[in-house]
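# Chain and residue survey
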Amino acid sequence: MNLDFSPEDNAFREEARAFLAQSYPKELREKQARGETLGKEDYLSWHRILAKKGWAAPSWPKEWGGTDWTPTQKYIWSEEQARADTLGILPFGVAMLAPVIYTFGTEEQKAKFLPDIRDGKIWWCQGYSEPGAGSDLASLKTRAERVTGDDGKEYYIVNGQKTWTTLGQHADWGFFLVRTDPDSKPQAGISFLLIDMKTPGVTVRPIITLEGGHEVNDVFLDNVKVPVENRVFHENQGWTCAKALLAHERSGIAGVARSKRGLERVREMASTELADAGGALLADPFFKRKVAELEIDLTALEFTELRTLAGESSGKGPGTESSILKIKGTEIQQRLQELALEAAGHYGAPFLGEGGHNSGVGPLHSIDTAGDYFNGRKTSIYGGSNEIQRNIIAKMVLGL
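Remember, predicted model here, so these are calculated numbers, not experimental data.

Each value, and the rule that gives it
- Residues numbered from 1 in each chain as written.
- Predicted model: local features only at pLDDT ≥ 70, side-chain atom pairs only at ≥ 80, totals over all residues.
- Heavy atoms only, no water.
- Helix = DSSP H or I, 4+ residues; strand = E, 2+ residues; numbered from the N terminus.
- Rg over C-alpha atoms; globule rule 2.2 N^0.38 Å.
- Buried < 20%, exposed > 50% of the residue type's maximum accessible area, 1.4 Å probe, protein only.
- Contact = heavy atoms within 4.5 Å.
- Pairing = 2+ DSSP bridges.
- Phe/Tyr/Trp six-rings, centres within 6.5 Å; stacked < 30°, edge-to-face > 60°.
- Lys NZ or Arg CZ within 6 Å of the ring centre and 35° of its normal.
- UniProt positions renumbered as here; feature names shortened; annotations may be inferred.
- 1 Å grid on protein atoms, 1.4 Å probe; cavity = no way out; pocket = protein on both sides within 12 Å on 5 of 7 lines; lining within 4 Å.
- Points joined across faces, edges and corners; volume = space filled by probe spheres on them.
- Nonpolar A, V, L, I, M, F, W, Y, C, P; charged D, E, K, R; others polar.
- Polar contact = N/O pair within 3.5 Å; in protein donor to acceptor, adjacent residues only side chain to side chain.

### Remarks on the overall build of the protein
- Each helix and strand counted, the protein has 12 helices and eight strands in total.
- Over its C-alpha atoms the protein spans a radius of gyration of 22 Å, differing by no more than 12% from the 21 Å that the globule rule assigns to 400 residues.
- For the protein, the spread of C-alpha atoms along the principal axes amounts to about 75 × 50 × 50 Å.
- The burial tally for the protein puts 46% of its 400 residues in the buried class.
- Considering only contacts in the protein between residues 6 or more positions apart, those separated by 24 or more positions represent 70%.

Okay, here's the thing in structure tokens:
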């Protein structure tokens, strides 16, 4: 693994940095600085700017609009986005569903869905977890029964409930795991369906989270009629799609570049906030030790991610290393949020305004530190809990 950036890589970094400085919307940056709740159009506006540039889907095959960047360039791009504090493109369509479609989908599905995902024309949500099936996803109960409609076409009639559906209130379409064979072994009887969220029988109900935000939802499916042509891959073999999607999701959850920027922000906060004994908090030996230990762990995680990228450059897809990235990445994110809340001190005590966000008590850097801390407890659970990821590593790597 060569860690030196080539002249071409350095030139690409300058190009990416200049593009972000010139193209990221000013009004969006101001909303972020004020801690405002961002809406659907905020996310899609940046997505469309990237799509126009041709940079919305760096990891896709070139034929479907990918950039044909090297793994190193993709890494540089993630670093520069974090450095510029830009929004990331929501992962559900571009980073999670699209690889499933271009790997397992039909040519018709690729032509129908991939261009709109790339261009930010469809907002996708994920229908995996259920009230009784979270980390044990294979125990899901949502049922899809295959029938012939009055028009002579084949349909699935879907009934069940999904939960923790992130930003489902904005979704145009969703990708759902459903049980199509109740009599087979759990993983063997599951299919992967694409469902139009405007279909009669789909109901989205908000779940208000601890910090007061509306980020996740319950989704109820009551006799929802889905064309069989919206099934990706073979009937009863959707678990193959599900595992592939989760590998991409877990790799993305690591968020190394964003955590590096988060560590910089913690240092900036601690250099202005005072310790109990006086002087800058960053000079306090106990706080300084926490920062140093976190930086060491983050550096180790960064090298693990670089090794994964080196593997991708030789044609190797994400495997068990995605579980390692997920575990360590989310633990580091939570430690960062804890340090930020500690640095904010009493200003971190939330004064919640409309939408559950801090109304500006104290310096700007203290806004939402409590909300971020509480909301961030979920990262070690979603995408497959960290306990489950340890079991995967024990089985697949250690042979236990």
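Once the structure has been displayed, the description carries forward.
### Side note on the pairing of strand 2 (residues 143-148)
- Sheet topology places strand 2 next to strand 3 (residues 154-162); six bridges connect them, and they run antiparallel. Bridging from a neighbouring strand, Thr-148 pairs with Glu-154 of strand 3.
- Between strand 2 and strand 3, which follow one another and run antiparallel, lie five residues, and Gly-152 among them has a positive phi close to 85 degrees.

### Notes on the packing of aromatic side chains
- Tallied over the full model, the rule gives 18 aromatic pairs.
- Between the aromatic rings of Phe-19 and Trp-77, the centroid separation amounts to 6.5 Å while the plane-to-plane angle is 40 degrees, which identifies the pairing as tilted. Pair noted here: Phe-19 is in helix 1 (residues 7-23) and Trp-77 is in helix 4 (residues 71-83), with a separation of 58 residues, a long-range link.
- Trp-77 sits in the buried class, given a relative accessible area of 4%.
- Ring plane angle 80 degrees and centroid distance 4.8 Å describe the contact between Tyr-24 and Trp-46, whose orientation is recorded as edge-to-face. With Tyr-24 in the loop between helix 1 and helix 2 (26-34) and Trp-46 in helix 3 (residues 40-53), the pair connects residues that are 22 residues apart, well separated along the chain.
- The class for Tyr-24 is buried, based on a relative accessible area of 6%.
- With relative accessibility at 1%, the residue Trp-46 sits in the buried group.
- Linked through ring pairs, Phe-12, Phe-19, Tyr-24, Trp-46, Trp-55, Trp-69 and Trp-77 together constitute an aromatic cluster.
- Over the ring of Phe-5 we find Arg-13; its NZ or CZ atom is 5.2 Å from the centre of that ring.
- In this structure, Lys-53 is placed above the aromatic ring of Trp-55, and the distance from its NZ or CZ to the ring centre is 4.9 Å.

### Here's the deal with the UniProt feature "domain: Acyl-CoA dehydrogenase/oxidase N-terminal" (unreviewed entry) in the protein
- Look at the UniProt record and you will see "domain: Acyl-CoA dehydrogenase/oxidase N-terminal" (unreviewed entry) annotated at residues 6-120.
- Annotated as 69% helix and 0% strand, the span residues 6-120 places its first and last C-alpha atoms 32 Å apart.

### Side note on empty space enclosed by the protein
- Counting across every chain of the model gives two cavities of 30 Å³ or more.
- In this structure, the largest cavity spans a volume of roughly 160 Å³.
- For the largest cavity, the lining is made up of 16 residues, of which Leu-44, His-47, Leu-90, Ile-122 and Trp-123 are closest to its centre.
- Elements that contribute at least two residues to the lining of the largest cavity include exactly helix 3 and helix 5 (91-104).
- Here the lining of the largest cavity is built from residues that sort into 12 nonpolar, four polar and no charged.

### Quick word on the environment of Trp-124
- Mapped onto the elements of the fold, Trp-124 is located in strand 1 (residues 124-127).
- You can call Trp-124 buried: its relative accessible area is 3%.

### A word on the side chain of Gln-73
- Examined against the element boundaries, Gln-73 turns out to sit in helix 4.
- Given a relative accessible area of 15%, Gln-73 falls into the buried group.
- Engagement of the side chain of Gln-73 in a polar contact is seen with the backbone nitrogen of Thr-70, the distance being 2.9 Å.
- Those residues within four positions of Gln-73 in sequence are excluded, and the remaining contacts are Asp-9 and Phe-12.

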